[in-house]
Amino acid sequence: MSASQQVFGSGPSESLRMHARWPYRALVLPWALWARCWARWLHSEAAFDGTAKLLSIVPGRPGLSLRAAYYSETLAACSPDVVIAFGSFFSHMGARVGRRVRIGSYCIIGTADIEEGASIDNRVSVLSGRHQHGGGERGAPSKEQPVRYECVRIGAEATIRAGAIVMADVGAQCVVEAGSTVTRCLVDGVHVAGNPARVIVPDFAPTERA
Amino acid sequence: MAHPPMSTTPLSAPDPYRGLARRAKKLTLRLLFVLLSPWTLPFAWLSRRSDSVYTACSEFLSLVPGRIGQCFRVSFYSQTLAACPWDVFISFGARIVDPRTRIGHRVNIGAFSLLGRCTIEDRTLIASWVIIEPPAERCVNIGAGSWIGEGAIVLESIGSRAVIGAGCIVTAPVDAGITATGNPLRQRGVVS
């Protein structure tokens, strides 16, 4: 089942689920505080990274709740109603996540700005821009290269299908086909596919077609 | 839509502490490697006798999160692989499938990568979800200082300081210093 098809609202009511978040928040709070302290005073994301990966392999509904709680406490901005499936993790604390975002299994997400209602399928990678390691001399050890993380924007209501790799901005309501690689910024409402991604439908607006 | 500047605090560390922090980090990693090595030794000893034990151990260790997991993986692989120094970085979910693999100094292997039989030379940077899987019983060579992008599938050798873009499938050998991107793979430029 892909993230966009997941039926989350079949159980208890919205307000009950809001209150059901508290135990999970309490569970992750020490880890979140620890991660934030490391980031603040030691300038290291090691603590954040370790816990993110630990929580990524917690199975089932508790896993979903724990990940949502952890990221809403640690990321630069994250709505607590985000759905992050098994195996997915954020690799940097600078990411922003809007409301109603759904992220599928085994995604790796860098410094992205995911806007409201975007849906990301299984095994998608959102990199921290196109120049993550490209600053220094070729062949130099990775630790000695100037690292540059750029913010990659995933527009509102955009759909990114399974296995895509996104390293540039994706506009609102865009559809990125399965397995494609986005290397250039996309305007709003286009449908792209391929590696490098090319526009296949220039004016694709899923809400109007439905 | 305008975006506020990203708060990338971990990267803007104050300069006077940068070198000291790096040395401290290196020392910590080295210390952890020495401390954790005895724990992986029995598993490595068993793995050297049976391929199924090796597979089971490497699969389990790939799921250990954090810096501890990274140190466990490196100490296990340094005891089982043909060559694997202590300063290699093997990320979460990454697995080296074939114990005949040789890894050079300061190699970085990203999350969920799967490495078949290959020789990885020094300072190579391998991103996440990369698969190195030589067809038949061959050994591919990944040159020194090359970079392999996210989700690439490598079936052939790559020269030193070559750059392979994200999501590429390498079906023919790539020469040294070449940047290759796209699917099918196209050469974009050469660095002398």
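Residues numbered from 1 in each chain as written. Chains lettered and ligands numbered in written order. Predicted model: local features only at pLDDT ≥ 70, side-chain atom pairs only at ≥ 80, totals over all residues. Heavy atoms only, no water.

Some remarks on the interface of chain B and chain A
What counts is decided by this rule: Residue contacts are defined here by distance: any two heavy atoms, one from each residue, within 4.5 Å place the two residues in contact. Summed over both partners, the accessible area (1.4 Å probe) lost when two parts come together is defined as the buried area. Note on definitions: salt bridges are taken to be side-chain nitrogens of Lys or Arg within 4 Å of carboxyl oxygens of Asp or Glu. Any pair of N or O atoms that falls within 3.5 Å is considered a polar contact. Within protein, one atom must be able to donate a hydrogen and the other to accept it, and sequence-neighbouring residues count only if both atoms are side-chain atoms. Elements are defined by DSSP. Helices are runs of H or I of four residues or more, strands are runs of E of two residues or more, and each kind is numbered from the N terminus. Each residue receives one of three labels: charged for Asp, Glu, Lys and Arg, nonpolar for Ala, Val, Leu, Ile, Met, Phe, Trp, Tyr, Cys and Pro, and polar for the others, Gly being one of them.
Contact with chain B, which involves 42 residues of that partner, is made by 44 residues of chain A. Both sides together, the interface formed by chain B and chain A hides about 3,600 Å², and carbon and sulfur atoms give 62% of it. With a closest N to O distance of 3.9 Å, A:Asp49 and B:Arg67 form a salt bridge. Put simply, chain B and chain A have four residue pairs in polar contact (both at pLDDT 80 or more) between them. Counting only elements with at least two residues in the side of chain B that touches chain A, the list comes to helix H3 (66–80) and strand E14 (178–181) of chain B. Considered class by class, the residues forming the side of chain B that touches chain A number 22 nonpolar, 14 polar and six charged.

Description of the environment of B:Ser78
All names here are of chain B. Rule in force here: Exposure categories follow from relative accessible area, calculated using a 1.4 Å probe and restricted to protein chains: below 20% of the type maximum is buried, above 50% is exposed, and the middle band is partly exposed.
Tracing the backbone shows serine 78 in helix H3. Take serine 78: its relative accessible area is 25%, and that puts it in the partly exposed class. In this structure the C-alpha to C-alpha distance between serine 78 and valine 88, which are ten residues apart in sequence, comes to 9.4 Å. Not counting chain neighbours up to four residues away, the residues in contact with serine 78 comprise Phe33 and Cys84. A polar side-chain atom of serine 78 sits 2.9 Å from the main-chain carbonyl oxygen of serine 75.

Overview of unusual backbone geometry
Of note, the amide linkage connecting A:Asn195 to A:Pro196 takes the cis form, showing an omega dihedral of -5 degrees. For A:Pro196, the location among the structural elements is in the loop between strand E15 (191–193) and strand E16 (198–201). Cis geometry is adopted by the peptide bond preceding B:Pro184, which originates at B:Asn183 and carries an omega value of 0 degrees. Structurally, B:Pro184 can be placed in the loop between E14 and strand E15 (186–190). Positive phi is not limited to glycine here, since A:Gln173 has a value of about 60 degrees. Structurally, the position occupied by A:Gln173 is in the loop between strand E12 (165–166) and strand E13 (175–176). The class for A:Gln173 is partly exposed, based on a relative accessible area of 22%. Its identity as a non-glycine residue notwithstanding, B:Phe112 has a phi of 60 degrees, on the positive side. Among the secondary structure elements, B:Phe112 is positioned in the loop between strand E4 (108–109) and strand E5 (114–115). Of the residues examined, B:Phe112 reaches a relative accessible area of 12% and is grouped as buried.

So, the packing of aromatic side chains
Put simply, the rule reads: Between 30 and 60 degrees the pair is tilted, below 30 it is stacked and above 60 it is edge-to-face, where a pair is any two Phe, Tyr or Trp rings, Trp via its six-membered ring, whose centres lie within 6.5 Å. For a ring to carry a charge above it, either NZ of a lysine or CZ of an arginine must fall within 6 Å of the ring centroid while also lying within 35 degrees of the normal to the ring plane.
Under the defined criterion, the tally for this structure stands at 14 aromatic pairs over all chains. Taken together, a centroid distance of 5.8 Å and an interplanar angle of 15 degrees make the contact between A:Phe48 and A:Tyr70 stacked. One end of the pair, A:Phe48, is in helix H2 (residues 46–56); the other, A:Tyr70, is in helix H3 (residues 60–74), with 22 residues separating them in the sequence. The pair A:Phe48 / A:Tyr70 is uniform in exposure class, with both members buried. Among the aromatic residues, those joined into a ring-pair cluster are A:Phe86, A:Phe89, A:Tyr106, B:Phe92, B:Phe112 and B:Trp129. Seen from the ring of B:Trp45, B:Arg49 lies directly overhead, with NZ or CZ sitting 4.1 Å from the centre.

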